[in-house]
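# Survey of secondary and tertiary structure
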Amino acid sequence: MKIEIPAAPAQLLRRLNDADFEAYAVGGCVRDALLGITPHDWDICTSAKPEQVLSLFSDCNVAKTGLQHGTVMVIVGGEGCEITTFRTEGSYSDHRHPDEVRFVSSLQEDLARRDFTINAMAYHPDRGVVDYFGGREDLRAGIVRCVGDPNERFQEDGLRILRALRFAARFGFRLEERTGQAMHENKELLDEIAAERIFAELKGFLVGQGVGPLLLEYRDLMAEILPPLAKMFDFEQRNPHHCYDVWRHTVCAVEHVPPTELLRLTMLFHDSGKPDCWSRDEKGIDHFYDHAKRSIELAEEMLNRLRCDNRLKEQILHQVRWHDLPLPQNEREGRRFLRRMGEEGAFWSLQVHRADAMAQAPAYLPEKLERIGQAEEILERLRAEKACFALGDLAVKGKDLMALGVPAGPGLGRELNRLLELVIEGECPNEREALLARVQK
């Protein structure tokens with residue numbers, strides 16, 4: 001199969017090969033090209049030593065930040081490509097980084113050190129795809145398989161456990177049996193990985209198309225990186241509105257929300273507080289009063305553990321807090337809903353409600369979806385009308401009130417909020433003269 005290589009990496013490959021060095025496109029770019037996906041990055045491996053690469057591209061803009069590991073970044077036409085010398089690696093005492101790197105002359109030795117067969121293929125413009133470990137066959141079969149012994153691969157780098165999940169979810173692949181078993185057996189290695197790296201892989205995993213079955217089969221890995229999730233496993237919900245235990249409901253909700261980091265993380269955490277809020281009434285029906293409040297506490301704990309940035313964390317916690325908030329069924333309720341959730345947040349909330357409903361008892365689903373649809377129509381109409389639901393939408397500003405004698409300070413803010421409430425409740429139109437008359441009155 002012929003792979004079309006963009007001009008910049010093709011130029012680098014040609015110069016290396018013309019100088020009698022072996023050079024290949026390698027790794028993810030080859031995998032994606034074979035899958036019909038446009039690669040984002042093109043990496044090159046070569047028999048040339050780092051100093052030879054530097055000499056050969058002395059006329060180019062070159063970054064030497066990875067030089068000690070044999071990697072040189074060459075900038076051509078504004079695009080950067082990493083060129084790495086064929087290498088093998090020594091032991092991994094920290095289960096993350098090699099203690100030493102040794103340059104070799106064999107492409108096969110270089111590919112043998114890589115994580116998964118689908119990432120261990122190379123491509124030469126003349127020779128075509130070079131595949132020593134069955135990567136093309138695994139691509140066709142939809143399998144993620146370690147190169148060689150999976151226990152060794154994970155002992156070398158524990159983060160590969162989550163990378164395996166991410167690749168499987170992204171492409172809708174399954175994990176090869178020995179690879180999957182080794183992931184369970186080596187899950188404690190995840191405790192030694194930096195939180196930021198864990199979070200990056202987790203987000204990539206959650207937005208994948210095949211995330212649901214993997215969350216069920218590898219829930220022990222989720223509990224390893226986020227221990228509070230474990231309480232949800234097999235926790236029954238004896239309630240007419242539910243047909244799954246808490247974890248299966250969560251997984252189903254994750255599957256039914258659009259694949260964005262915000263929404264997938266919201267659904268992962270939205271019911272995490274239920275086991276701590278469980279009660280059963282005299283009729284044998286389970287209840288989880290105030291579970292949203294407890295879910296916020298646990299979600300914040302887990303997001304802090306993952307070193308989540310503040311903006312994303314606040315958005316997730318806001319959605320978790322109000323995931324059970326009744327949806328608006330008229331325009332006044334719609335304006336209240338928009339004020340509480342914000343315009344963007346209100347439409348995210350519709351997605352949260354829809355996914356939550358899809359993960360509950362089917363008997364109630366038509367009614368719930370109808371209410372969500374009605375709420376969506378109301379919010380869309382209010383958005384089209386540019387309805388007033390925030391202080392910035394008011395037809396008067398603070399300076400207008402000060403001109404009438406309202407002093408600057410907290411009282412001014414309270415008066416603006418009072419006017420906003422009047423508009424939201426439909427007691428006063430959002431018109432300058434009408435609002436100023438209210439202030440004077």
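In the block above lies the structure referred to throughout.
Residues numbered from 1 in each chain as written. Predicted model: local features only at pLDDT ≥ 70, side-chain atom pairs only at ≥ 80, totals over all residues. Heavy atoms only, no water.

L165, F205, M222 and F269 are the most contacted members of the largest nonpolar core, which totals 94 residues. Sort the elements by how many residues they give to this core and helix 7 (residues 160-171) lands first, with eight residues. Non-local contacts of F269, meaning those with residues more than four positions away in its chain, are made with L226, L229, S295, A299, M302, L303, I316 and V320. In this structure, L325, A357, I378 and L382 belong to the second largest nonpolar core, which totals 17 residues. (Core = buried A, V, L, I, M, F, W, Y, C linked by side-chain atoms within 4.5 Å. Buried < 20%, exposed > 50% of the residue type's maximum accessible area, 1.4 Å probe, protein only. Helix = DSSP H or I, 4+ residues; strand = E, 2+ residues; numbered from the N terminus. Contact = heavy atoms within 4.5 Å.)

Neither face of strand 1 (residues 23-26) is left uncovered, since the one carrying A23 and A25 and the one carrying Y24 and V26 both have all their residues buried. In this sheet, strand 8 (residues 122-124) lies alongside strand 1 in antiparallel orientation, the contact comprising two bridges. Bridging from a neighbouring strand, V26 pairs with A122 of strand 8. (Pairing = 2+ DSSP bridges.)

As a further point, take the sheet that holds strand 5 (residues 79-85). On the basis of which strands lie adjacent, the open sheet formed by seven strands has the order 3-4-5-2-1-8-9 and mixed pairing. In the strand order of this sheet, the two ends are held by strand 3 (61-63) and strand 9 (128-130), each with one partner. Averaged over all pairs of adjacent strands, the angle between strand axes in this sheet comes to 35°, irrespective of strand direction. In this structure, strand 2 (residues 43-46) lies alongside strand 5, joined through three bridges in parallel fashion. Paired with C45 across the strands is T84, a residue of strand 5. (Axes fitted to C-alpha atoms, helices over the stretch in contact; angles between N-to-C directions.)

Among the secondary structure elements, P150 is positioned in helix 6 (residues 150-156). Since its relative accessible area comes to 2%, P150 is described here as buried. Sequence separation of P150 and R160 is ten residues, and the distance between their C-alpha atoms is 9.9 Å. With sequence-adjacent residues up to four places away left out, P150 is seen in contact with R178, T179 and A182.

Next up on the list: the packing of aromatic side chains. Summed over the entire model, instances satisfying the criterion amount to seven aromatic pairs. Residues F233 and W247 carry aromatic rings whose centres are separated by 4.9 Å and whose planes lie at 70° to one another, so their mutual orientation is edge-to-face. Residue F233 is found in the loop between helix 11 (219-225) and helix 12 (246-256), and its partner W247 is found in helix 12; the two are separated by 14 residues along the sequence. Side by side, F233 and W247 carry an identical accessibility label, which is buried. Among the aromatic side chains, those forming a connected cluster through ring pairs are F116, F167, F171 and F173. One cation-aromatic arrangement involves K203 over F199; the distance from NZ or CZ to the ring centre is 4.4 Å. Note that R383 overlies the ring of F347, its terminal NZ or CZ placed 4.0 Å from the centroid. (Phe/Tyr/Trp six-rings, centres within 6.5 Å; stacked < 30°, edge-to-face > 60°. Lys NZ or Arg CZ within 6 Å of the ring centre and 35° of its normal.)

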